[in-house]
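# Examining the three-dimensional arrangement
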Amino acid sequence: MRVTVLGSGTGIPAPDRCPTGFRVDVSGACWLLDLGSGTLRRLAESGGRPNDVTRILLTHLHPDHTADLVPFLFASRHGEGGRTAPLELVGPTGTDAWIHELLAAYGRWVAPRFPFSVRESLDGEFLLGGVRVTVRQMAHEAWSVGYRLESGGGALAFSGDTGEHAGVVELARGAAVFFAECSFPEGGGTATHLTPGSLARIAAAAGPGRVVITHVYPPVDPEAQAAAVRARWGGEVTAARDLEVFEVHPAGPVRP
Ligand SMILES: [Zn+2]
């Protein structure tokens, strides 16, 4: 599995960080996991095209995780002669109603002319394209999830947005790389986001190979936030950068 960070930031505009998004190349397919504004351009910078994407997984429906779905659908309809390959959208309960409202708002400019399906899950495990996908509800909006992807003996975990929660520990347990939100500094946390202290407790309980933090709200420095997690947990912790690439093999994470 190969993960390219398309957006390491938040909904607050930053010059070097788009809101949340990841490209996951797995089992010969190209998936997206969240697509905040600007991440479609980052996909192009990573050498990908919307028509390469076979599946989109959404952690929740907030704009900083979904806004580029509209330009994605627009590009799928009008780019390169129009998409014909199927696309599956995976998201929490409410995704199907939400996407149909979005399609109604933009009408024929974005209406898919290709096989388009929606799979909703708030808690479950299933196989998608040979990848074992585990979904757990997170402590954010009522309809928010995190994902664990397992393929070839390696596992990746994505917290989405969440507060401290047993489900996050379950997703991250033994994962080669745990991509975790770390929105606020110590003392500034809420029940629906993580701080270095709460993330360190999750990491200590879950024992991932490494933690990569994302979604740090300005003006907090992501590097300082990563150092604060590292000081409490002691494992490998770094701050994600846009277009950073992570390769995961069965033996563990390898950075090219
Ligand atoms: Zn967010």
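In case you missed it, the structure is sitting above this.
Residues numbered from 1 in each chain as written. Predicted model: local features only at pLDDT ≥ 70, side-chain atom pairs only at ≥ 80, totals over all residues. Heavy atoms only, no water.

Looking only at helices and strands, the protein has seven helices and 15 strands in total. In summary, the protein has a C-alpha radius of gyration of 17 Å against a globular reference of 18 Å for 256 residues, a match within 12%. Seen through its principal axes, the protein has C-alpha atoms that stretch 50 × 35 × 30 Å. Burial statistics for the protein: of 256 residues in total, 56% are counted as buried. Sequence-distant contacts, at least 24 apart, represent 60% of the contacts inside the protein between residues at least 6 apart. Accessible surface for the protein amounts to roughly 10000 Å². Of this, 54% is attributable to carbon and sulfur atoms. If the 22 positive side-chain charges of the protein are averaged to one point and the 27 negative ones to another, these points end up 5 Å apart. (Helix = DSSP H or I, 4+ residues; strand = E, 2+ residues; numbered from the N terminus. Rg over C-alpha atoms; globule rule 2.2 N^0.38 Å. Buried < 20%, exposed > 50% of the residue type's maximum accessible area, 1.4 Å probe, protein only. Contact = heavy atoms within 4.5 Å. Areas by Shrake-Rupley, 256 points an atom, 1.4 Å probe, with all protein chains shown as cover. Lys, Arg positive; Asp, Glu negative; His and termini not counted. Charge placed at Lys NZ, Arg CZ, Asp CG, Glu CD.)

Here we take up the coordination of the zinc ion. Donor atoms from the polypeptide that coordinate the zinc ion comprise Asp64 (OD), His65 (NE2), Asp161 (OD) and His215 (NE2), at 2.1 to 2.2 Å from the metal. Of note is the zinc ion, whose four donor atoms meet at the metal with angles of 92 to 165° in an arrangement that counts as irregular. Counting residues between consecutive donors of the zinc ion along the chain gives the motif D-H-x95-D-x53-H. A residue pair is termed long-range when its members are at least 10 positions apart, and aspartate 64 in helix H2 (residues 63-66) and aspartate 161 in the loop between strand S10 (154-158) and helix H5 (166-172) qualify at 97 residues. Each member of the pair, aspartate 64 as well as aspartate 161, carries the same accessibility label: buried. (Donors = N, O, S within 2.8 Å, 3.2 Å for Na, K, Ca; no water. Tetrahedral: all angles 85-135°; square planar, octahedral: opposite > 155°, others 65-115°.)

Side-chain pairs of opposite charge can arise whenever the charged atoms involved come near each other. Scanning the entire structure with this criterion turns up 15 salt bridges. A salt bridge links glutamate 247 to arginine 2, with the shortest nitrogen-to-oxygen separation between them at 2.5 Å. Within this pair, whereas glutamate 247 is found in strand S14 (residues 245-249), its partner arginine 2 is found in strand S1 (residues 2-7), the two being separated by 245 residues in sequence. Here glutamate 247 falls in the buried class, since its relative accessible area comes to 19%. By relative accessible area, arginine 2 is classed as partly exposed at 34%. (Salt bridge = Lys/Arg side-chain N within 4 Å of Asp/Glu carboxyl O.)

For strand S9 (residues 145-151), the tally of buried residues reaches six of seven residues, placing the bulk of the element in the interior. For strand S8 (residues 131-137) and S9, the ladder comprises six bridges, and the chain directions are antiparallel. Among the inter-strand pairings, glutamine 137 is bridged to a residue of S9, identified as valine 145. Examined bridge by bridge, S9 and S10 share five bridges and lie antiparallel to one another. Paired with glutamate 150 across the strands is alanine 155, a residue of S10. In this structure, the hairpin formed by S9 and S10 is closed by a connection of two residues, where glycine 152 is found at a positive phi of approximately 60°. (Pairing = 2+ DSSP bridges.)

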